[in-house]
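What follows is the residue order along each chain.
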Amino acid sequence: MQIILLHPRLSRVRSLTLNSRHVVLALLLLMVAVLAAAALVAYLFLRHAADSPSPMLHDVVESLMRQDDDRKEKYLKENLAVMAIKLGQMQAQLMRLDALGERVQSLSGVRPEEFNFKEPPGGQGGAIGSSAATIPHALNMSQLQQSLDAFDVDIGRRADYMNVVETALMSDKIKAKLLPTNQPVNVRYNSSSFGWRLDPFTGGNAFHEGLDFPAPIGTPIYAAAAGVVVAAEFHYQYGNMLDIDHGNDIMTRYAHASKLYAKVGDIVKRGQHIADIGTTGRSTGPHLHFEVRIKGAAQDPRKFLALGSGAAPAMATTIAATIAAK
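Okay, so let's go over this structure.

To continue, consider the layout of surface pockets. The volume enclosed by the largest pocket comes to roughly 460 Å³. Together, 23 residues line the largest pocket, and Arg197, His208, His256, Arg282 and His289 are the ones closest to its centre. Its residues assigned to classes, the lining of the largest pocket shows seven nonpolar, 10 polar and six charged.

Right, here's the structure in full:
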């Protein structure tokens, strides 16, 4: 494109040549100018609209403000709905955690008056920090969401930990019930202890593999722990005898009975009446011969019975070490 300039003051004719690049540049400058002018007009319009007496301007400003408020309200509602769902999930997790805590409390033997999961935590307090980093400030929506997410993860981890603790306590409780710590007969003393003694028949030195509890014929004999009956028969030395397997390679034997009330394969409970005292087999009089064996090796029953009476709680470690070593 060529533009010819004519003017009386010009001594000669002048011409300007415009190519496509000049045209594009001019259009861009024009668009920038128009946008800048529109932005300036809009700014002045909104700035002075509230002071203008024109009702139309007031309506326009109010409409724009309502649109902005509606967008903010919609944003808040959406975020509140998400947080309400998250809060409901966390509430359900907390209820589950409380129930789990009560079960763990029961298994561990902690009394409810010492620690109650249903009561709110104790008092809290402390001075407000003076530095800028410790001055309290309100949380914004993003920080609140982050705190809820972190709290949700922490609840999940603690629930997993409580499940592990509950499983371990339950396992220990079951093992404790399977330990022969219950007194097999209501007798305060034994007539023959575990260990070396003079044999009542031969008079020679012999090792006694159990405890003898003297009592009248027909006195009830109780299972020292829960287990499965693996032998219920007559033995020429033990007489009428009963063997109970308690798991973990622990077995108890009840000998010289007058009558047996359990048979092979029966599952017996701790403290269940399983036989009556007698004097069958190699016996000088009515009594119960009681043995505890670990992997077939005879153990001193007093170590286990002391645990049942609470007289020697430290023996539990010794018994566990004995089982592991054999």
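With that out of the way, let us pick up the nonpolar core. Among the nonpolar cores identified, the biggest contains 27 residues, and Phe213, Ile221, Tyr254, Ile274, Leu288 and Phe290 are the most heavily contacted of them. For this core, the secondary structure elements donating two or more residues are strand 5 (211–214), strand 8 (239–245), strand 9 (250–260), strand 11 (273–277), strand 12 (287–294) and helix 4 (301–309). A per-element tally of this core places strand 12 first, with four residues. Dropping the residues within four chain positions of it, Phe290 is found in contact with Pro184, Gly210, Leu211, Phe213, Ala224, Thr252, Arg253, Tyr254, Pro301 and Leu305.

As a further point, take the side chain of Glu291. Mapped onto the fold, Glu291 is located in strand 12. Note on Glu291: relative accessible area 1%, which makes it buried. Polar contacts involving the side chain of Glu291 include one to the side chain of His289, which spans 2.7 Å. A distance of 2.9 Å separates a polar atom in the side chain of Glu291 from a polar atom in the side chain of Arg293. Setting aside chain neighbours within four positions, we find Glu291 in contact with Glu209, Gly210, Tyr238, Met251, Thr252, Arg253 and Pro301.

Evaluation of the coordinates by the stated rule reveals three aromatic pairs. An angle of 85° between the planes, with centres 5.2 Å apart, marks the rings of Phe194 and Phe207 as edge-to-face. Of this pair, Phe194 sits in the loop between helix 3 (141–178) and strand 3 (195–198) while Phe207 sits in strand 4 (residues 205–208); the two residues are 13 residues apart in sequence, bridging distant segments of the chain. Ring centres of Tyr254 and Phe290 lie 5.4 Å apart, and the angle between their planes is 45°; on these two criteria the pair is classed as tilted. With Tyr254 in strand 9 and Phe290 in strand 12, the pair connects residues that are 36 residues apart, well separated along the chain. Of the two residues examined, Tyr254 and Phe290, each falls in the buried class.

This part takes up the environment of Val165. Counting through the fold element by element, Val165 comes out in helix 3. For the pair Val165 and Gly101, spaced 64 residues apart in the sequence, the C-alpha separation amounts to 9.8 Å.

On inspection of all chains with the given rule, the structure shows eight salt bridges. The partner of Arg197 in a salt bridge is Asp212, with the nearest N and O atoms 3.5 Å apart. Of the two residues, Arg197 sits in strand 3 while Asp212 sits in strand 5, which places them 15 residues apart along the sequence. Glu291 is the partner of Arg253 in a salt bridge, and the nearest nitrogen-oxygen pair spans 3.9 Å. Highlighted residues: Arg253 in strand 9 and Glu291 in strand 12, separated in sequence by 38 residues. Here Arg253 matches Glu291 in class, with each residue buried. Each of Glu209, Asp243, Arg253, Glu291 and Arg293 takes part in one network of salt bridges that share partners.

Of note, the phi angle at Asn248 is positive, near 55°, even though the residue is not glycine. Its location among the elements puts Asn248 in the loop between strand 8 and strand 9. The exposure class assigned to Asn248 is partly exposed, which follows from its relative accessible area of 44%. Despite not being glycine, Lys295 shows a phi value in the positive range, around 55°.

The rules behind these values
Residues numbered from 1 in each chain as written. Predicted model: local features only at pLDDT ≥ 70, side-chain atom pairs only at ≥ 80, totals over all residues. Heavy atoms only, no water. 1 Å grid on protein atoms, 1.4 Å probe; cavity = no way out; pocket = protein on both sides within 12 Å on 5 of 7 lines; lining within 4 Å. Points joined across faces, edges and corners; volume = space filled by probe spheres on them. Nonpolar A, V, L, I, M, F, W, Y, C, P; charged D, E, K, R; others polar. Core = buried A, V, L, I, M, F, W, Y, C linked by side-chain atoms within 4.5 Å. Buried < 20%, exposed > 50% of the residue type's maximum accessible area, 1.4 Å probe, protein only. Helix = DSSP H or I, 4+ residues; strand = E, 2+ residues; numbered from the N terminus. Contact = heavy atoms within 4.5 Å. Polar contact = N/O pair within 3.5 Å; in protein donor to acceptor, adjacent residues only side chain to side chain. Phe/Tyr/Trp six-rings, centres within 6.5 Å; stacked < 30°, edge-to-face > 60°. Salt bridge = Lys/Arg side-chain N within 4 Å of Asp/Glu carboxyl O.

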